[in-house]
Amino acid sequence: VTTVFLLSAGRLYSETKDKKVPDHSNVERSKIPVEYTWKIEDIYPTYDAWKIDKEKAAEMIKGIDKIAEGWTTSAKKFLSFLEYNSNLSMIGEKLAGYASHQNASDLSNIQFMKMRGDLQVMFVEYGSKVSFIQPDIIKLGKEKFEEYLKEEPKLGDYKVMGPGCHHHRLRS
């Protein structure tokens, strides 16, 4: 999400670097020439496209319980769950980036505020659904993870999952 925004901002900079950019700080966004606005379509082309991904993420959150059953019992299940969770996280970050940028572009737009609020509710549900991940990884132990890593080399992508997760807990 950040990369898309930075690319759009970079394009805006390169398109305007040879001319003075007018001050639009007190102008309603709808009255600002498009060449001086974010190219939000790089994230989602339309609000409807955003809604489709939001519905997909909501369905994926509902599916966490099923895919998490026995997720640490084999390398294959472990990898499958981590990939599912990673895909869901990427969709969530893209959704949040779009909603956040839209909201920042017009703080008075109720639809944009609702988009952010809907995502906050969804992310709270997601957080409660995946609260088992770190304790399960700690229970799994370093030796078992290393065994799984030999069976499924793609698990190496998940070796460092953040502070307090298995990489930090298991290396000692």
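Let me begin by describing the structure that accompanies this report.

Each value, and the rule that gives it
Residues numbered from 1 in each chain as written. Predicted model: local features only at pLDDT ≥ 70, side-chain atom pairs only at ≥ 80, totals over all residues. Heavy atoms only, no water. Helix = DSSP H or I, 4+ residues; strand = E, 2+ residues; numbered from the N terminus. Expected span 1.5 Å × (residues − 1). Buried < 20%, exposed > 50% of the residue type's maximum accessible area, 1.4 Å probe, protein only. Arc of directions from axis to C-beta. Axes fitted to C-alpha atoms, helices over the stretch in contact; angles between N-to-C directions. Left-handed = near helix turned anticlockwise from the far one by under 90°. Contact = heavy atoms within 4.5 Å. Nonpolar A, V, L, I, M, F, W, Y, C, P; charged D, E, K, R; others polar. Phe/Tyr/Trp six-rings, centres within 6.5 Å; stacked < 30°, edge-to-face > 60°. Lys NZ or Arg CZ within 6 Å of the ring centre and 35° of its normal.

## Points about helix H2 (residues 47–62)
The end-to-end C-alpha distance of H2 is 23 Å, a good match for the 22 Å that 16 residues give at a rise of 1.5 Å each. Listed in full, the buried residues belonging to H2 are Trp50, Asp53, Ala57, Met60 and Ile61. Along the axis of H2, the buried positions cluster into a sector of 100°, meaning they face one direction only. Turned more than 90 degrees away from the buried face of H2, the exposed residues are Ile52, Glu55 and Lys62.

## Remarks on the packing of H2 against helix H4 (residues 75–105)
Orientation of H2 relative to H4, taken along the N-to-C sense of each, is 145°, at an axis distance of 10 Å. In this structure, H2 meets H4 at a crossing whose hand is left-handed. Residues Tyr47, Trp50, Asp53, Lys54, Lys56, Ala57, Glu59, Met60 and Ile61 of H2 form the contact with H4, whose participating residues are Tyr84, Asn87, Leu88, Ile91, Lys94, Leu95, Tyr98 and Ala99. The residue inventory of the contact of H2 with H4, partitioned by class, reads 11 nonpolar, 1 polar and 5 charged.

## Examining the packing of aromatic side chains
Following the criterion strictly, the structure yields 9 aromatic pairs and no others. A centroid spacing of 5.3 Å and a plane angle of 90° characterise the contact between Tyr44 and Tyr98, whose relative ring orientation is edge-to-face. Here Tyr44, found in the loop between helix H1 (2–16) and H2, pairs with Tyr98, found in helix H4; they are 54 residues apart in sequence, far enough to count as distant. On the basis of relative accessibility, which here comes to 4%, the residue Tyr98 falls in the buried class. Residues Trp71 and Phe78 carry aromatic rings whose centres are separated by 4.9 Å and whose planes lie at 10° to one another, so their mutual orientation is stacked. By the burial criterion, Trp71 is buried, and Phe78 matches it. One Lys or Arg, Lys94, reaches over the ring of Tyr44 and ends 4.5 Å from the middle of that ring.

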